[in-house]
Amino acid sequence: MPWKFFLLAYTLSWLLWLPGLLQIAALPDVAPLAVFGPSVAAFWLTFRQAGRAGLGRLLRRAFQGFSLRWLLVILLLPAVIVSLAGWLSAFWGGQPAAGLWQLPDFLPHPLLLAPYFLFTLLFQGPFGEEFGWRGFALDRLRRRWSPLAASLILGLFWGFWHLPLFLLPTGPHAEHIPFWPFTLSTVPLSILFTWLSQRTGGSLLAAILFHQLINFSLELNPAVSQAPLAFSLMVAGYTLAAIVVIPRLRSAGEPAAGHAGHSS
């Protein structure tokens with residue numbers, strides 16, 4: 001169990017969220033830096049354990065390619081699940097369908113969507129987290145636990161790491177998304193991340209993109225996160241997808257998927 005990583009990731013992030021939680025106006029707003037806690041923890045511990053060579057290997061995984069097949073899975077799976085959640089919620093009496101797939105109010109033109117996508121990928125979670133969750137913690141959990149058990153453990157730690165965001169008065173999660181349904185969603189998502197990691201040869205680029213597409217699909221469909229029924233249906237969709245891939249998870253003794261450019 002990578003206790004040092006979890007302790008350091010939580011400490012770094014929660015300390016940066018603390019001024020906002022305590023509403024200490026005299027201190028600078030450092031909350032945006034908190035999303036880098038898991039990756040910074042991974043970089044530091046990797047350097048301590050394996051030196052520059054180990055750090056270089058971890059960083060290179062963020063540029064490790066994979067086949068078009070898995071890119072399509074990464075692009076389409078969140079989009080399909082979020083869309084179905086919105087449509088089914090409308091069918092059963094909810095409100096989200098009318099607000100599906102719309103530009104955020106602060107983006108006046110569709111051409112700004114691409115730079116905004118890149119900005120949020122780098123500074124709002126995926127890049128700041130995935131070197132830690134999938135780049136460091138998952139590998140070490142897999143040494144002791146089965147892929148499913150490792151995914152469940154990591155999913156819970158990943159979910160609870162977000163807790164201060166639900167307590168911040170101006171936090172992005174506080175207004176609409178309940179904490180427990182959100183945390184439940186990180187468990188099946190963690191299974192899907194493990195499955196993708198195995199199928200893409202451990203590519204962190206795949207994990208970063210998948211994390212981003214999960215977030216971005218919700219950002220372009222804000223009504224899904226604002227309606228309890230739609231959000232619950234989305235969680236159910238990810239859970240169903242996770243159940244489907246569980247039999248396809250590889251144990252530690254099985255051969256890994258092909259690396260860059262090879263399908264599996």
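Residues numbered from 1 in each chain as written. Predicted model: local features only at pLDDT ≥ 70, side-chain atom pairs only at ≥ 80, totals over all residues. Heavy atoms only, no water.

**Q** I would appreciate a short explanation of the pattern of salt bridges in the present structure.
**A** Following the criterion strictly, the structure yields 2 salt bridges and no others. Put simply, R61 and D139 hold a salt bridge, and the shortest N to O gap is 2.9 Å. With R61 in the loop between helix 2 (37–60) and helix 3 (68–91) and D139 in helix 5 (residues 126–142), this residue pair connects regions lying 78 residues apart in the sequence. Here R61 falls in the buried class, since its relative accessible area comes to 16%. (Salt bridge = Lys/Arg side-chain N within 4 Å of Asp/Glu carboxyl O. Helix = DSSP H or I, 4+ residues; strand = E, 2+ residues; numbered from the N terminus. Buried < 20%, exposed > 50% of the residue type's maximum accessible area, 1.4 Å probe, protein only.)

**Q** Any chance you could explain the packing of aromatic side chains here in plain terms?
**A** For any pair of aromatic rings, geometry is given as the distance between the ring centres together with the angle between the planes. With the rule as written, the count across this model stands at 25 aromatic pairs. Ring geometry for F6 and F157: centres 3.9 Å apart, planes at 10°, overall stacked. Highlighted residues: F6 in helix 1 (residues 3–22) and F157 in helix 6 (residues 147–161), separated in sequence by 151 residues. Classification of F6 by relative accessible area gives buried; the value is 2%. For the pair F160 and W180, a centre-to-centre distance of 5.7 Å together with 80° between the ring planes defines the contact as edge-to-face. Taken together, the positions of F160 in helix 6 and W180 in helix 8 (residues 179–199) put the pair 20 residues apart, joining distant regions of the chain. Taking the relative accessible area as the measure of exposure, F160 reaches 31% and is therefore partly exposed. Residue W180 is classed as exposed on the basis of its relative accessible area, which comes to 56%. Here a set of aromatic residues connected by ring pairs shows up, and it is made of W3, F5, F6, Y10, W14, W17, W133, F136, F157 and W161. Above the ring of W158, the side-chain terminus of R134 is found at 4.4 Å from the ring centroid. (Phe/Tyr/Trp six-rings, centres within 6.5 Å; stacked < 30°, edge-to-face > 60°. Lys NZ or Arg CZ within 6 Å of the ring centre and 35° of its normal.)

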